[in-house]
Amino acid sequence: MSTRLEDLPIRDDLRGMVPYGAPQAPLPVALNVNENTHPVPQEVADDILDQVARALGDINRYPDREFTQLREAFANYLGEGLSRDQLWAANGSNEVLQHLLQAFAGPGRTAMGFAPTYSMYPLLTRATGAAWIAGTRDAGYGLSAESVSSQIREADPDIVFLCAPNNPTGTPLTIDVIAAAYEAARGIVIVDEAYHEFAPREAASAVTLLPGRERLVVSRTMSKAFAFAGARVGYLAADPAVIDALRLVRLPYHLSALTQAAALAALRHAPLMLSMVDEIVGQRDRISATLEALGYQPHESWTNFVLFGGVSDTAAAWQGLYDRGVLIRDVGIPHHLRVTAGTQAETTAFLDALASVGSAA
Ligand SMILES: *Cc1c(COP(=O)(O)O)cnc(C)c1O
């Protein structure tokens, strides 16, 4: 008989937890985890290869523990007068969030988010021994300044997560609401801007709120708009004192020399790396319009995916799409499914498959 998890002397507070597990199936059309489905342009890939090859020349040495050049590059990319002492990075924004929780949450503390939101927030929170508090959203998954403020005052958490725009709903969160949440909060306020590049150009980033707000943190990732999910690079901007706190919990040399080289090379080509964003936004809007014509209810999206309601049998619709070679996501919201905007061909494959599955209410 094989050993079960329960047989091990595992931490009591980890018993019964379920790991993150978006299915990874080798289907021709994979639109389930909000990746950028466009590959990195060849000229950027060539430059990344050159830089990684150069880094290999020194691979017997530990990398720059402070990843100084990379922090400088992220500061330049974000603009707004940021300097490198306000920047941090790690292996994906998930690790960035983990560093924040290790420094500011932990046993006896609480973190709060507004459900439905990114499924990793409660998992990362509980893994540090802190408790998760699930706040709520309005019927359309929006969040008003009044609602967010009163919920924060009532729960009084040590950490507030604001996903802007929100995953899995795609819905926007404007900076007036973020400013109100900050005023109501006593602790650290994390604005997760993983999808910011897909929002309307005129939508302000929470980075503009940083001056004078030393408890505010804005996290970003190269996984989505930058088509860099496989490289694992996320980053944040905050007060330099917050960055000092993160130095206490990170592993030494946590960003490998190869990761630093690859990310630096990619950032030098930021406009080209981001050149597919407009195309993806076009496919996203085409998905929303077509879903509506098919009788579904897509939610407003400022991201690279669309959450849609009006699915009478989500399991049957998901399976019907799967059988037609299209993988999308059942995020556990009754009568809803979530689909990532793909290339034009992938998007067409999804829309055609859905029309043939035909399970709108
Ligand atoms: C995809 C996603 C991330 C990015 O995670 P990485 O670890 O950077 O790949 C972060 N936050 C949200 C809300 C996401 O959807």
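Everything numeric in this text was worked out from a predicted model, so none of it was measured. (Residues numbered from 1 in each chain as written. Predicted model: local features only at pLDDT ≥ 70, side-chain atom pairs only at ≥ 80, totals over all residues. Heavy atoms only, no water.)

1. Here we look at the nonpolar core
Using the following cut-off: Each nonpolar core is a collection of buried residues, namely Ala, Val, Leu, Ile, Met, Phe, Trp, Tyr and Cys, held together in the definition by side-chain atoms within 4.5 Å. Each residue is assigned to one of three classes by its accessible area relative to the maximum for its type, calculated with a 1.4 Å probe on protein chains only: buried under 20%, partly exposed between the two thresholds, exposed over 50%. Numbering goes from the N terminus for both helices and strands, where a helix is a DSSP run of H or I of at least four residues and a strand is a run of E of at least two. Throughout, a contact is declared for two residues whenever any of their heavy atoms are within 4.5 Å.
Within the largest apolar cluster, 81 residues are counted, with the highest numbers of intra-cluster contacts made by Leu 100 and Met 222. Looking at this core, the element that brings in the most residues is helix H8 (residues 257-268), giving seven residues. What Met 222 contacts, discounting residues up to four positions off in sequence, is Phe 74, Ala 227, Phe 228, Ala 229, Val 233, Tyr 235, Ala 263, Ala 266 and Leu 267. Listed in part, the 32 residues of the second largest apolar core include Phe 198, Val 281, Trp 318 and Phe 350.

2. Concerning the sheet that holds strand E2 (residues 87-90)
For the record, the criterion: Pairs of strands are assigned from DSSP output, requiring at least two bridges between the strands. Interaxial angle, 0 to 180 degrees, is taken between N-to-C directions of lines fitted to C-alpha atoms, where a helix line uses only the stretch in contact.
On the basis of which strands lie adjacent, the open sheet formed by seven strands has the order E2-E8-E7-E6-E5-E3-E4 and mixed pairing. The outermost strands of the open sheet, each flanked by one partner alone, are E2 and strand E4 (131-135). Across the sheet, the mean angle from the axis of one strand to that of its neighbour is 25 degrees, orientation sign disregarded. Across two bridges, the pairing between strand E3 (residues 110-114) and strand E5 (residues 159-163) is parallel. When the bridges of E5 are listed, Ala 111 appears paired with Ile 159. Contacting E2, strand E7 (216-221) and strand E8 (234-238), helix H7 (residues 240-247) runs over the sheet at an angle of about 135 degrees to E8.

3. Describing the site of the ligand
Stated precisely, the cut-off is as follows: We define proximity as follows: a residue is near a molecule or strand when any one of its heavy atoms falls within 4 Å of that partner. Throughout this description, a polar contact denotes any pair of N or O atoms lying within 3.5 Å of each other; where both atoms belong to protein, one of them has to be capable of donating a hydrogen while the other can accept it, and for residues adjacent in sequence the pair is counted only when both atoms sit in side chains.
Around the ligand, 14 residues are found, and the nearest of them are Ser 93, Tyr 195, Thr 221, Ser 223 and Lys 224. Between the ligand and Asn 94, the relevant distance is 2.8 Å, taken from an oxygen atom to a side-chain nitrogen or oxygen of the residue. One of the side-chain nitrogen or oxygen atoms of Thr 221 is found 2.6 Å away from an oxygen atom of the ligand.

4. Some details on the pairing of strand E6 (residues 188-192)
Going by this rule: Handedness of a crossover: with both strands directed away from the viewer, a clockwise path from the first strand across the helix to the second marks it as right-handed.
With five of five residues buried, E6 is to be regarded as a mostly interior element. The two faces of E6 match: Ile 188, Ile 190 and Asp 192 on one face and Val 189 and Val 191 on the other face are all buried. The pairing of E5 with E6 spans five bridges and is classified as parallel. For Leu 162, the partnering residue across the bridge sits in E6 and is Val 191. The parallel pair E5 and E6 is bridged by helix H6 (residues 175-184), and the resulting crossover is right-handed. Note: E6 against E7, four bridges, orientation parallel. What sits directly across from Asp 192, in E7, is Ser 219.

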